[in-house]
Amino acid sequence: MNRNTISNKPKYTLGTIVKYFVLIQFALTCIIPFGWVAVSSLKTDQEIYGNSFGLPEKLIWSNYAEAAKGANLGTGLINSLFYSTASVVLLMLISAMAAYVIARVLPKRGLYNFYTLGIMIPIHAVIIPLLIILRFAGLVNTRLGVILTYTASEISFSVFILVSFMKGLPKEIEEAARIDGCSRTRTFFSIVLPLCKPGLATVATFAFVNIWNDLLISMVLIPMPKLQTLNLSCFNLRGQFTKRGVAGTHMLTQKLGGGQRTRLLIGRILKRRQRS
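Residues numbered from 1 in each chain as written. Predicted model: local features only at pLDDT ≥ 70, side-chain atom pairs only at ≥ 80, totals over all residues. Heavy atoms only, no water.

Let's talk about a nonpolar patch on the surface
Here is step 1: The grouping of Y12, I17, Y20, L23, I24, L28 and I32 at the surface amounts to a nonpolar patch, some 730 Å² of accessible area in total.
Here is step 2: With respect to the helices and strands, the residue L28 is situated in helix α2 (residues 14-40).
Here is step 3: With relative accessibility at 38%, the residue L28 sits in the partly exposed group. (Patch = residues over 30% accessible without salt bridge, like charges linked within 9 Å, V, L, I, M, F, W, Y side chains within 5 Å. Areas by Shrake-Rupley, 256 points an atom, 1.4 Å probe, with all protein chains shown as cover. Salt bridge = Lys/Arg side-chain N within 4 Å of Asp/Glu carboxyl O. Helix = DSSP H or I, 4+ residues; strand = E, 2+ residues; numbered from the N terminus. Buried < 20%, exposed > 50% of the residue type's maximum accessible area, 1.4 Å probe, protein only.)

This is the structure:
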């Protein structure tokens, strides 16, 4: 009887139909633009302007090879991997040592608040003084300057995560290491650091994704093409292969925007300081 009762119930109610209808509409708003861009990438310039929403007469797969070669996507990919990996390794070492000092050696709230305060400050708010400092240090257009900037931008969140993780470790393990004659440094590298692998993995994942997706820092600090990241190389593709019309104007505004505008502003500020 229960089986018959369950089978007689309507499979789809009005609320379920409306819910699926709304979800399908949201899915289409994401899929259709992506499909249009994918189809347009296989067209010629004439077809893009003359028949924007139609299918291409011939699939031109060479557009991808031309774009990858013109924008140096291979070099950008290698640079992004290098910047992300080097920054994450340096970040894990520095943030782990700082977190250990805050959690075990000097457990003061003020020092902890000093580090975590950086989470509230976006990189956009300090990009101009950062560029001034790196310019005086000779680190603009250098790999070291980019790696140090990425490391500094992620250290606050990393310390915030690792301090909470290290406070949960039992102190008895460190006390046993001291009895065995281990120094503070030996205890950190041989005992505490291996126990923090889950926390370090969390920090590394967040930091790697943030650094990989960054565009602003690379746009401002590394205008040199051979040092640019993959995101910046893809950004430079916008309007790069068009010859006239609105796309050419858009390319011009993009070249004069972003990092170029910031560098012009920094140059004016430095000139005024030198005059005064």
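Some details on the nonpolar core
Here is step 1: If you look at the biggest cluster of nonpolar residues, it comprises 37 residues, and the most contacted ones within it are Y83, M166 and V192.
Here is step 2: Taken together, the elements giving at least two residues each to this core come down to α5 (73-105), α7 (127-136), α8 (143-167), α10 (184-195), α11 (197-212) and α12 (216-221).
Here is step 3: The element that contributes the greatest number of residues to this core is α5, accounting for nine residues.
Here is step 4: For M166, the contacting residues outside a window of four places in its chain are A96, A99, Y100, A103, R104, F188, V192 and C196. (Core = buried A, V, L, I, M, F, W, Y, C linked by side-chain atoms within 4.5 Å. Contact = heavy atoms within 4.5 Å.)

Overview of the confidence of the model for the protein
Here is step 1: Model confidence for the protein is summarised by a mean pLDDT of 80, while 82% of its residues fall at 70 or above.
Here is step 2: Confidence, expressed as mean pLDDT per element, reaches its minimum in the protein at helix α14 (residues 245-256) with 36 and its maximum at α11 with 93. (pLDDT = per-residue confidence, 0-100.)

Focus: the side chain of S95
Here is step 1: Structurally, S95 can be placed in helix α5.
Here is step 2: Within the local environment of S95, its side chain forms a polar contact with the backbone oxygen of L91, the two atoms lying 2.5 Å apart.
Here is step 3: When sequence neighbours within four positions are dropped, the list of residues in contact with S95 reads I155, S158, V159 and L162. (Polar contact = N/O pair within 3.5 Å; in protein donor to acceptor, adjacent residues only side chain to side chain.)

Considerations on the packing of helix α6 (residues 109-116) against α8
Here is step 1: Where α6 meets α8, the closest approach of the two axes is 8 Å, and the angle between their N-to-C directions is 140°. Of the possible angle classes, the one that applies to α6 and α8 is oblique. Judged by residue contacts, Y112, Y115 and T116 of α6 engage S156, V159, F160, V163 and S164 from α8.
Here is step 2: In the contact of α6 with α8, the residues fall into five nonpolar, three polar and no charged. (Axes fitted to C-alpha atoms, helices over the stretch in contact; angles between N-to-C directions. Parallel < 35°, antiparallel > 145°, perpendicular 65-115°, else oblique. Nonpolar A, V, L, I, M, F, W, Y, C, P; charged D, E, K, R; others polar.)

Considerations on the pattern of salt bridges
Here is step 1: A full pass over the atoms with the stated rule returns one salt bridge.
Here is step 2: Here R104 ties to E174 by a salt bridge, and the two come within 2.5 Å at their closest N and O atoms. Of the two residues, R104 is situated in helix α5 and E174 in helix α9 (residues 171-179); the sequence distance between them amounts to 70 residues. When sorted by exposure, R104 lands in the same class as E174, which is buried.

Some points on unusual backbone geometry
Here is step 1: The backbone phi angle of N141 is positive, close to 65°, even though this residue is not glycine.
Here is step 2: Inspection of the secondary structure assignment puts N141 in the loop between α7 and α8.
Here is step 3: By relative accessible area, N141 is classed as partly exposed at 25%.

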